[in-house]
Every structure is written in structure tokens, then in C-alpha cells.
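Each chain, letter by letter, is given below.
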Amino acid sequence: MSKEGWQDLPIGGLILEGGTATKYITGDWRSLRPVWDKDKCISCLNCWIYCPDSSVLVEDEKMTGIDYDHCKGCGICASECPPKVQAIKMVTEAEFRK
Amino acid sequence: MRVAKTGNEAMAEAMRQINPDVVAAYPITPATEIVQIFSSFVADGLVNTEFIAAESEHSAMSACIGSCAAGARTMTSTSSQGLALMWEMLYIASGLRMPIVLAEVNRALSSPINIHCDHSDTMGARDSGWIQIYCENAQEAYDSLIQAVRIAEEALLPIMVSTDGFIISHGMESMEVLEDAQVKDFIGEYKPEHSLLDIDHPITIGAIDFTDYYFEHKRQTIEAMRNAKGIVAKIGQEFGEKFGRSYGFFEEYRLEDAEIAIVVLGSTAGTAKVVVDELRETGLKPGKGIKAGLLRLRLFRPFPYQELAQALSRIPRIAVMDRSDSLNSAGGPVFTEIRSALYDLDTRPKIVNYIYGLGGRNIDLAQIRSVYEDLATNKTDELVRYLGVRE
């Protein structure tokens, strides 16, 4: 993608619209990947509450997956998933890609 | 109207007439009075300013940045260690292109701790992206602070206008002040293009730039500083047309036919002008006058190097007087930059440096006369000399 030159950018590093964080793919910073087991999940939504990057996808009060474009792999979701449920497991990206 | 005012009173009066939306500050000698006087204007209801007494200069400048981001016309004042504590935020203010106006009073930096005048505080901030204007007297400080509002808002860069600590800040002078309406009319209304408070047009301020955008944004600020030169010239001239006192990048005093000249900033120029007049009259010894001249640099950032080179090109021997040392073992900041400005001349003048007045050490007629004497007698073998220090 070609990027703007200095004469075409808004000055002062301003971003002139809201909600642009969605355009910024931070998922590639991730070294640990949350792997979600749909069958184990009880949709308590603890993970959704705690996720600092709004990367837990929910529809009709049910968890539907993880937004891997923005999840940075912090592991809070796996940590907050109730011990009796353990529907999210953190695995290394290297392991996942094998 | 002609009044008697100290430099600090003059700057506070300018601030009253400017009537900024926000002033955030923390007191420090010898600039304390500026905000102290201004705070009484706030208390007496003479201005509409939101006054924030911050808990440090770092916080004061941070509050100024927040205020500017909200689209408010914003001013502050500080000196020395206070400016040093603002350091981190100075760069953020310029990088975010915020037209903050700072009334600065030059004072030495610790250590040793000292409260008196030298230029090491603002010279330390010379690469921070702030426009810098050094004033000779209270009149110029008052006039420049009013112009600074326009300059900053047009250049979209922050600006500091400084006076020499105690010498100007606490010395009382006869000066002209404008009518409130004249100042109001001259500065006009501030109409920022963006504001964080404009919820219909959401913006992000201070987003991160990695390797992919940082350089482009810095390039913009570099260009803004280049453009600022023309803005300073235009507004200094407009001020002159309206009120009879014009301001440029520097003042040439009997420089036209000068054979030896001093370059100096701030209040010392006033003393040096007396020496120039004396030398023109009577020379070194009673008899033939000497063609001595003076260039008082007013605008240090942006640095008007082409204009300086042109003004100094005809003068065979020049001494640059620095009221701070770069501790680079090669002289003071004004010297190294002026020397560099002269490099492309076909015939380069002989140019030497005098470091003087550190920590408020008095500079008198005899010392300045000795500099001209060195130039007149070709005593220019040493690159840097220290004037008024005990050996």
C-alpha cells in the first residue's frame, strides 16, 4: 500500500475521523493465540468483559469467536474463563501454524 | 499611552489585553510576577481567562497542550528550571502543532543554582520546535507578546518570547501601551481548525507514529518552521504600520558602513549601542572615530541565516556574544549558527566568540568596549574568549 507524503497528511499527526482503531491490524503483534472451544463455552462472557481490545465477538448474548485481526494475545480471556469451563487455551502461534 | 513598567508588568499587561482563554502556569523566579499579576486580573474579573495554577511546570505545559487541543487560545509563563521541567512537553506542543504562547524570562540553569540572567534555559530549548524571540527591553517584550499570538496561530507552532531576567523583567522603563481595543483588533479571534470538544467532528490527537509516518510528520514541522520566518516578518511589519513600532528578524545599529561589529541578543544590545556611539565619536583613544556597528538578533528560531549572512557579509571582523555556552568546547549556540550562516559567502568575515554574563554576571560598557578593541586591533586569534570571568 502506498502511503501519503508529508504534504498530504493532516498536520500534527491528527487523525480526522473516529473509530480508526478498527483499521489498524494489531493481531500480527500476537505470539500467543487464544483458541476457543465452542463446545465447552457456556457464554458467561467473562472474556468479553475483560478483553482490553474488544476482540471477543458476541452475537445475541452468545460468544461467537475471536477477532484475530485485533487480538494481541494477552491471555486475559483464558485466565478469566471459569476454571470448570476452560474453553479458551493459549497456544503459541508457532504451534498453531504447524 | 506612555507608562512606566517593568518587563514582567509589561508582559502581564499584554496578557491582560490578549485575554487568552486559558493560562496554566507555575511560578518561578524571575518570571513569577507575570502570572502573579495576571492572576490578579483574573481575580478582579478583568479577563475571561480560565486560570489553572498547576503543581509543576511539566503539568502547566501539559495543561496548555490539553487546552490547545480543545481549541482554546492558551498562554503560560516560566523561566530556567521551569522551562527545563517543561522539556518533554515542549516537543509535544510543537509536534502537535499547538500555537501556545509562552512569556519567558531568561535565567541561568543549575548547577550551581542561580536565579540571574543568562540564556542557557531557552538556548537549551532551541531544537524543540518553538519559535523564539529575544527582546531588548520591556517595550519590545510587550509588543512581541502581542505579535506572538498571531505568529503562533498562523504558523501553527508554539512560541516563546523572552526577556533578560531581572535586567528587563524587574527593571522599570518608560514605554507605550496600546488601547485594549487596538490589541483585541490586532490579534483577532482565534478560530482553530480542529477541537477535541467538537463532538460532531471527532479527531484523535497524539496517535503513535512508527517508522512509517514519524518522518513525514517531522518534515511538516520543519516546513512550518521555515514558513514561520515570513509570518514573523509580515506580522512585525503590520504591527509597525498600525502602531509605529516595526519588528524584523534583527536590528542593525550603525552596521551599514561598519568595519567591526558585535552580534548580540537581548538587553546587552542597549549597552553595546552606547559603546558603538562612543567609538564612532572618539575611537579607542581620543581622536579618530572607529566604524563600529551592532547587530541585535531578535529571532533565533527560525534562524534567519540568509538574511544574517547578507547583513554581515560586508563586515571584515565580527564578534558574536553568547550569554550561554553550548559546553561543546566550540563556543556558544549563537556563534556556531552565525558562523555556519557565513560559510557560503565568497569572502568570509573573521568571526570570533565571546561568552559573557553567565549566571547574571554584569556586562558593562568597558567589557563591550574591550571586545570592539580586540576586533579593531585584530586580536582575533582565539576562537572563543570568556568575558568578565576571573582567571
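Residues numbered from 1 in each chain as written. Chains lettered and ligands numbered in written order. Predicted model: local features only at pLDDT ≥ 70, side-chain atom pairs only at ≥ 80, totals over all residues.

(A) Main features of the overall build of chain A. What chain A contains, in helices and strands, is three helices and four strands. Along chain A, from the amino end to the carboxyl end, the secondary structure elements read β-α-β-β-α-β-α. Relative to the 2.2 N^0.38 estimate, which gives 13 Å for 98 residues, the radius of gyration of chain A is 17 Å and therefore markedly larger than a compact globule would have. Out of the 98 residues in chain A, the part that is buried amounts to 16%. Taking the intrachain contacts of chain A between residues at least 6 apart in sequence as the baseline, contacts between residues at least 24 apart amount to 63%. (Helix = DSSP H or I, 4+ residues; strand = E, 2+ residues; numbered from the N terminus. Rg over C-alpha atoms; globule rule 2.2 N^0.38 Å. Buried ≥ 20, exposed ≤ 12 C-beta atoms within 10 Å, placed from the backbone. Contact = placed C-beta atoms within 7 Å.)

(B) Spotlight on unusual backbone geometry. With an omega dihedral of 0 degrees, the bond running from Ser-110 of chain B to Ser-111 of chain B counts as a cis peptide bond. On the secondary structure map, Ser-111 of chain B appears in the loop between β5 (101-106) and α5 (120-124). In this structure, Pro-112 of chain B follows Ser-111 of chain B across a cis peptide bond, with omega equal to 0 degrees. Checked against the element boundaries, Pro-112 of chain B lands in the loop between β5 and α5. Here the phi dihedral of Leu-45 of chain A falls at roughly 70 degrees; this positive angle occurs in a residue that is not glycine. Despite not being glycine, Ser-329 of chain B shows a phi value in the positive range, around 65 degrees. Looking at the element boundaries, Ser-329 of chain B is found in the loop between β13 (317-322) and α11 (333-341). Using a count of 7 C-beta atoms within 10 Å as the deciding quantity, one classes Ser-329 of chain B as exposed.

(C) Representation of the sheet that holds strand β4 (residues 74-79) of chain B. Residue and element names in this part refer to chain B. The strand order across the open sheet built from seven strands is β3-β2-β4-β5-β7-β6-β12, with neighbouring strands paired in mixed fashion. Each having just a single partner strand, β3 (50-53) and β12 (299-301) make up the two edges of the open sheet. Strand-to-strand twist across the sheet, computed as the mean angle between neighbouring axes with direction ignored, equals 20 degrees. Direction of pairing for strand β6 (residues 131-134) relative to β12: antiparallel, over a ladder of two bridges. When the bridges of β12 are listed, Gln-132 appears paired with Arg-301. Sitting on the sheet, helix α3 (residues 57-69) is in contact with β2 (22-25), β3 and β4, with an inclination near 165 degrees to β4. (Pairing = 2+ DSSP bridges. Axes fitted to C-alpha atoms, helices over the stretch in contact; angles between N-to-C directions.)

(D) View of the domain arrangement of chain B. Residues and elements named next belong to chain B. One can read the domain layout of chain B as domain 1 (2-243) and domain 2 (250-387). For domain 1 and domain 2, the distance between their C-alpha centres works out to 28 Å. Every contact between the two is made by 26 residues of domain 1 and, on the other side, 20 residues of domain 2. Looking at the side of domain 1 that touches domain 2, the elements that each hand over two or more residues are α5, β6 and α8 (214-243). Among the elements that make up the side of domain 1 that touches domain 2, the one with the highest residue count is α8 (five residues). (Domains from an automatic or database assignment.)

(E) Highlighting the sheet that holds strand β9 (residues 250-253) of chain B. Residues and elements named next belong to chain B. Spatially, six strands are ordered β9-β11-β10-β13-β14-β15 in an open sheet, and the strand pairing comes out mixed. Each end of this open sheet is capped by a strand with a single partner; those strands are β9 and β15 (384-387). Strand-to-strand twist across the sheet, computed as the mean angle between neighbouring axes with direction ignored, equals 20 degrees. Note: strand β14 (residues 350-356) against β15, four bridges, orientation parallel. Paired with Asn-353 across the two strands is Val-384, which belongs to β15. Those strands touched by helix α12 (residues 365-376) are β10 (260-265), β11 (292-297), β13, β14 and β15, and its axis lies near 140 degrees from that of β10.

(F) Quick look at α8 of chain B. Residues and elements named next belong to chain B. Taking 1.5 Å of rise per residue, the 30 residues of α8 would be expected to cover 44 Å, and the 42 Å separating its terminal C-alpha atoms lies within 8% of that figure. Taking the largest bend as the criterion, α8 deviates by roughly 25 degrees, centred on Ala-228. On the buried face of α8, the contacting elements are α4 (80-95), β6, α6 (138-155) and β12. (Expected span 1.5 Å × (residues − 1). Bend = angle between axes of the 7 residues up to and from the residue.)

(G) Fine view of the packing of α6 of chain B against helix α7 (residues 180-187) of chain B. All names here are of chain B. Interaxial distance between α6 and α7 falls to 9 Å at its minimum, and their mutual angle equals 25 degrees. Taken together, the axis directions place α6 and α7 in an arrangement best described as roughly parallel. Of the two possible hands of crossing, α6 and α7 adopt the one that is right-handed. On the side of α6, the interface is formed by Ile-146, Val-149 and Arg-150, while α7 contributes Val-183, Phe-186 and Ile-187. Looking at the contact of α6 with α7 residue by residue, the class counts come to five nonpolar, no polar and one charged. (Parallel < 35°, antiparallel > 145°, perpendicular 65-115°, else oblique. Left-handed = near helix turned anticlockwise from the far one by under 90°. Nonpolar A, V, L, I, M, F, W, Y, C, P; charged D, E, K, R; others polar.)

(H) Broad picture of the nonpolar core. Of all hydrophobic cores here, the largest spans 119 residues; its most connected members are Ile-159 and Val-263 of chain B. When residues of this core are assigned to their parent elements, the largest contribution, ten residues, is made by α6 of chain B. Here this core gathers at least three residues from each of two domains, domain 1 (2-243) and domain 2 (250-387) of chain B. Within the second largest apolar cluster, ten residues are counted, among which are Cys-47, Val-56, Cys-71 and Cys-81 of chain A. (Core = buried A, V, L, I, M, F, W, Y, C linked by C-beta atoms within 7 Å.)

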